Every structure is written in C-alpha cells, then in structure tokens.
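Here are the chains, one letter per residue:
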Amino acid sequence: MSGFDFLTTRFETALGWGRKFSLFHYPFITACCGMEYMSAACAHFDIDRFGAGLTRFSPRQADLLLVVGTVTHKLAPVLRTVYDQMLEPKWVIAFGACAVSGGIYRNYAVVQGIDRIVPVDVFIPGCPPRPETVLDGLLKLQDKIQGQRQDWRWARKT
Amino acid sequence: MASPTRLERSARPGSMLLNMGPSHPAMHGTMRIMLELDAERIVNAECEIGYLHRGFEKTCENKTWFNLLVYTDRLNYVSPLINNLGYAMTVEKMLGVAVPERAQLIRVLVSELSRVADHLTCLAAMAMESGAFTVFLYLIKAREYLWDVVEFTTGARMTTSYIRIGGVRADLHADWRAALAAAVAETRRVLKDVSGLLDNNSIFVGRTRGVGAISREDALSYGWTGPCLRSTGVPYDVRKARPYLVYDRLSFDVPVGENGDNYDRYAVRMREMEQSLRILEQAAALLPDAPPLPDGPVIEPEEAVCRSRRRRAVERVRLPPNLEGSEKERLPGLATSDGPVTVPAKEDTYTTMEGLIGHFLFFMRGKGIRPPKGDVYFSVEGGNGELGFYIVSDGTDRPYRLHLRAPCLHIVSALEELIKGRLVADVIPTFGSLNMIGGEIDR
Amino acid sequence: MGPEDLIEAVRKRLGPAVEAATDSFGDPVLILRAEAVRPALAALREPPFDFAVLLDLTCVDFAATEGRFELVYHLYSLAGNVRLRLKASVPAADPAAASLAGLWKNAEWLEREVFDMFGVRFEGHPYLRRLLTYEGFEGHPLRKSYPWRLEQPRIPLKEGP
C-alpha cells in the first residue's frame, strides 16, 4: 500500500460490511419459484457477484433463509423448525408472491404469507420474480444489513 | 398427535429410523422419505407427499373456464406450456372447435421448447444431487437460451398462460427464427458437453447403472408413462399412440431404454431432447413467417376511444406492448373463429360498440366459454408422461369437477419399492431421475 | 377393435356387472354396479382385454343433487391402444367401495387420494391414510360441502429451538 496504511471506521459499520457480503443462504425451495432461484443462482445471472453465492444446505450453517415458493399449512411447521435451527444473526427473504401473501392461492391449503410463521426482512414480489428482481431484493437486504444495529454479543462477552 | 405411520409400526426394534425431507439438500421439491435402516442398507421406506398441496382442483371449480388457465401454469412448473396445452385441448374437445394450423404449429413449437427445458432441469438437478455441479451450471445455461425464446414469444419466462382455449394468445416475435436457431444450436452444444461429462463418468455410472431398476410389468402396474416408462423398453408416447396437433406429420423417434434403471432414465431423457430439437426444426420449417401488418396511419388507443364517440376510426389502432402479436389481422391464424371461445380483438373493443359488448359477453360471469354438459378425458405428452385432464362440465361458466392425471404421482408412488434393499446413497440419484415435481404431484 | 366392438365384448364378458354403456365426447364409458367394480376390473386386466395400466382414479361429488359420489376409473390397454372409462356410484351417506389394491400397484396411492379428498372408504385397502393433507385435517376438501376457503387450524408450531 502506498500513501496510507490505516483507515478509520466504526466497528458496527465494518461488521455490517462483512456480514452483507458473506451471506450464506439456505434455499427452502418448495415450488415454481425454485426454477427462478436456480436461474438466479447459476452462471447466467450469477448471484455470486453480490456475495451471496454460497448455498449452504444446512440451516445451522446459514444466515439467510430464502423461502422460495408456496408454503402450505402442512409445510408450515417444517419452515418454522428450519428457521429455529438457524443461528443468529439471521435474515429471511420471502421469495415470490406465494411466500409474500399466498399469491393466487387463496384457499384452504395455503398459508397466506410466511410472515405468519417467521419474521421476514425482504419481500420479493412476482409470480415468479424474474432473476433481476431477485438480485434487487438481495441488494435491498444488503442495504438493510449495513444500516441495522449489529448484534455483537459475542464480542462484549470477552 | 400424529398416529404412527406404517413404517413406524412395522419397524424392528433397534433399527434406525431416518427422515429425509421435507426440506432436504438433495431434493428439489418437498417430499418426506422415511427410512428404516440396517446400517447403510434400507430395510423399509415410506414416502409422504402433499407438502405442496395448493388446492388446485378445488380452486378450479370456483374459477371460470378462462380464468383457471393461470393455475395450470403452476402444475408442472418446469414445462408450463404443456400444461396449458393439455387443459386447452381438453376444453376444445368438449367444445368441438377446430384450431387453425398456424396455431397448432406454434403450439408444437412451444411445447417442445418446454419439454427440452423440463428434461434439462430434471437432469441438471439429478446431476447436481449426485455431485456433478458443472453439469448443473451447463444445463441451466442451455435452459436460459430456451427460455429467452419462450419469453420472446409469450412475454414471460415461466408462467406464460400463452396457449389459450381455441388457439394461442399472440403470434411469434418478429425475430423468433434467429433466436430459435441460436437456442437450438446452443442446446446441442451443451448436450454434447454434458454427454461427454457424464456418459462414461465412472462416479455417475456407478451411482446410476443398475440402481433403481424396475421391470416393465411393474412400471405398467404403477401407471408409469413418459420417459420413465420408456426407459424400461415400452415405447409408449402419447404423441405417437394418440397423435394430437400436427405430431403425425412430423418425424421423430421414441427412444427407449432396456433396464429401467437410473442410467436409462438419464439416457432416454438425453436422447429425447435431441428428438425434440429435431421437432423444433421441422416445426420451424413448416411455420411460415407472419404476414407483415398493413401500412398506413396508426393511432393510439386513447385517441381511438375518443374519436369513436363521434365516428368509427378507420386507422389501425396501436396495441400496447403487452398485446404485441395479437393484432386483429393476426388473430385468424392464431385462434379459432368457432363461437365466442377466444378473447375478442382488442382493436374492436377499443373502437366499436359491438366489440365492447363482445368483450363483456366473453368475460362476464355466467357468459363466455361454456362447454356442453358431460365429462371428458384428454391427455398430452407432458415432460413426465401422460398429462391428462378429466373434466366434468355441468354447462355453466365454470367446471363442475376438474381432475389432473399427474404423471408424477404414479411414478413417485413406486419410489418406496425402488429404494428398498439399496443403500442410503442410492436414494438421491433414484429420486432425481424420477423427476418429482411438487406442483404436479400434490396439485 | 373399434369402440363399439370393445364395449360389446366387455359387456359380454362382464354380464350383469355393467349397468349401462354410453359415449361421452367420443370416449367409451361403462357404468358399473358398485359392488362389481373389483371383479370387473380384475377381469378387464386379463387377456383378451389386457388393460395393463390403471391410468387414473378419481371421484366426482354429486351428493347435493343426486346423493351419490361417482368413482371414475380410466384404464388403458397398450396392446389395443384403447382407453376405457368406467364409473360406479357409491351412496353419499356412507361412501365405500372395494379397493383395487393388489390388482394395480398405483391403486394404493390413488385410493388414498380419493379417501383424503372425498372421504370414500376403500374396503380391503392395506393403508388407508390421508395422502395430500395432513392428519388432523377435518373434512374432505373436494366435497362440494367443504367451503373453498375454509382454513383448518394449523399444525401447532413448536416453540423455541
């Protein structure tokens, strides 16, 4: 490095910066939106450019839960269990109209929006959302992560 | 709360019970497989489905014939256009309408595009779950090219609602020929690559050959159709057995396998995609370019509405971009003219009283499409096999009962038997090769 | 073998099990007596008819108007490339029919689905359990008497990790 060898920042900002670009996501894929999730995650649209390329297939290793598709009453307890298994800090994206509000399925079987089961940070509308919309939603989540108060109890304990 | 399942009741004391799913890394879609294990060997298995039961059939009973088309998109969501086709043709069979030849060719074109995309996705997921991530990336890349053509044509990537009762919604995009040729060439290249990566790959072959094998008799007894049945050597294909559209005029082979194992299911799908690409080329050659729209002054819809208060506008009306391709001049080639079955031309709706009345008569409750009383079954060859609709009409504006014969349900019902006695690792490629699609199996 | 010949041959073979034979939009349809369904379908599975595939099994609710549920079976014969639709009515008050388990392997799941959606019991079914909805679901959603949007109490969520 030439010119300068230090920079000043707030610890919270640095932590938020680190967190927003290292999102390990767990895709909870149930339905049609999974196809667009595949497109977004693959080479063509490449979600990896935004630091969220690492798919973890265990909720215990993930900090971003992508709920992709319709959640029915039968599946609701499963979604809750997966959410509970994730470690803090964690974020949830509701991917697609069905996850957001039940979408076109207003009937006896479908949960009318996953916010009845788990807290949601970003809602991505669309039936299914295009991959560009997905990337936009991800950027919105990153903004949110950067701006929010970081949870760093682990540092205070020492 | 829940009573014990058959597996729990019959399990020997001391054997290990393992639960795969409903949300499992190596499963696309939600399904629960309960396994009774003796070390790594599966003694007994039980599948539970229904995690994506979205009440499709009940919803359809409460929607008009025209409106429920959007729900068919989301059945087999990997090849929505074939679902549209199956539903539209079933209703057409009841109505007894004839579809123009151009629309039939377009239907063949888009449904073959969907079939290739369906097989690509199935193999991509199967390969990824067996550890071949590169193949997944390659195949999804090919699917993107195909979906670009679909988007060019229909305006949407997946949930298109493009094939309507009585025809198709709009004509092909002006540049479709070049786009299709590029997509076909790209898909061929990818298939060649994938074939080189997997055909003799010892890991892939080891996990698929001889695994999940089913006999011809069992496959029939389970009601298998489509590529999975053909992998056992039965050349049953709805396109050949009961030709619909213009399939009897196109030349294509029905690839069959021998052993009915995972590898054969993979190989049959690979070869079927080549045949579908062949069909695409033939259909493209048969399909003439759309005649250019007449020249002359064009006015905006708002202006046409204003002007039509005084006198009928003679100029052509410019349609908004989302209606591109469904101009009045184009409609005769795209939709049937028998009765009020299709959406009337928008230009008339904008400019004339009769057109507006026609529009209302089509969309109003109690009006519109009303097939005669009776019940009908019709099927098309979907990505997974025979996709059939059984519809009961009571002569009103909505179906009395609509039942989907989901090919997937029959195929997955055999999974328990396929994996019994095998190792846990064999579940994954077997499940992948069956191509379980949640929207179709659970409806 | 044309549809008329097929219907004629099947009627001859099944005798009094067949109540009527009709035609619906060009599809041959046979109406069976409910108690004769299993033996009749077992006979159709054998040569000379060879209906090796049970294409589909579903049910239609005519309870409000006619007091019955109609079971609809679709058979397919590879050898003859023919489809046949068979129907049988069961009383809506106590819907029950003989199971086809043992004849076709997919019958088990198909009957579970009909049981789940319509509440038709299948006598002799080895494992009659709900297929698509969950245990604890009250009612049968595809019956016309079930409101389209009636939600069930959700399965209770577990609290805490």
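Residues numbered from 1 in each chain as written. Chains lettered and ligands numbered in written order. Predicted model: local features only at pLDDT ≥ 70, side-chain atom pairs only at ≥ 80, totals over all residues. Heavy atoms only, no water.

K.L.:
Is there a simple way to explain the nonpolar core in this structure?
P.N.:
Note on soluble globular proteins: their nonpolar side chains tend to be buried together. Judged by nonpolar contacts, the single largest core of 194 residues is most densely connected at B:Ile33, B:Tyr87, B:Trp224, B:Tyr266 and C:Tyr73. No other element matches helix α5 (residues 101-129) of chain B, which puts 14 residues into this core. Residue contacts for B:Tyr87: discarding those within four places in its chain leaves B:Trp65, B:Leu68, B:Leu69, B:Thr72, B:Ile165, B:Phe389, B:Ile391 and B:Leu402. A:Val71, A:Val92, A:Ile114 and B:Tyr51 belong to the second-largest nonpolar core, a separate cluster that totals 22 residues. (Core = buried A, V, L, I, M, F, W, Y, C linked by side-chain atoms within 4.5 Å. Buried < 20%, exposed > 50% of the residue type's maximum accessible area, 1.4 Å probe, protein only. Helix = DSSP H or I, 4+ residues; strand = E, 2+ residues; numbered from the N terminus. Contact = heavy atoms within 4.5 Å.)

K.L.:
Just to check I follow, could you spell out the interface of chain A and chain B for this structure?
P.N.:
Accessible area lost when the parts come together is the quantity often used to give the size of an interface. Tallying the contact residues gives 30 residues for chain A and 32 residues for chain B. Across the interface of chain A and chain B, roughly 3,000 Å² is buried in total on both sides, 64% from carbon and sulfur atoms. Remark: the boundary between chain A and chain B carries three salt bridges. As a salt-bridge pair, A:Glu36 and B:Arg157 come within 2.8 Å of each other at their nearest N and O atoms. Looking at the side of chain A that touches chain B element by element, the count peaks at four residues for helix α2 (residues 33-41) of chain A. A per-class count over the side of chain A that touches chain B returns 21 nonpolar, six polar and three charged. (Buried area = accessible area lost by both parts, 1.4 Å probe. Salt bridge = Lys/Arg side-chain N within 4 Å of Asp/Glu carboxyl O. Nonpolar A, V, L, I, M, F, W, Y, C, P; charged D, E, K, R; others polar.)

K.L.:
I tried to follow the side chain of B:Asp73 on my own but got confused; where do I start?
P.N.:
Residues and elements named next belong to chain B. If you trace the backbone, Asp-73 turns up in helix α3 (residues 69-73). The exposure class assigned to Asp-73 is buried, which follows from its relative accessible area of 0%. Excluding its chain neighbours within four sequence positions, the residues that come into contact with Asp-73 are Pro-80, Asn-83, Asn-84, Thr-159, Thr-160 and Ser-161.

K.L.:
Is there a simple way to think about the pattern of salt bridges in this case?
P.N.:
When their charged atoms lie close together, side chains carrying opposite charge are able to pair. Summed over all chains, the structure comprises 50 salt bridges over all chains. Residue A:Asp121 pairs with A:Lys144 through a salt bridge whose shortest N-O separation is 2.9 Å. Here the residue A:Asp121 occupies a position in the loop between α4 (97-101) and β4 (122-124), and A:Lys144 occupies one in helix α5 (residues 131-147), the gap between them amounting to 23 residues. Residue class for A:Asp121 comes out partly exposed when judged on its relative accessible area of 23%. The partner of C:Glu108 in a salt bridge is B:Arg6, with the nearest N and O atoms 3.0 Å apart. Here B:Arg6 lies in helix α1 (residues 6-10) and C:Glu108 lies in helix α4 (residues 107-118), a pairing that spans two chains. Here the salt bridges do not stand alone but share partners, grouping B:Lys93, B:Asp375, C:Asp27, C:Glu66, C:Arg68, C:Glu70, C:Arg85 and C:Lys87 into one network.

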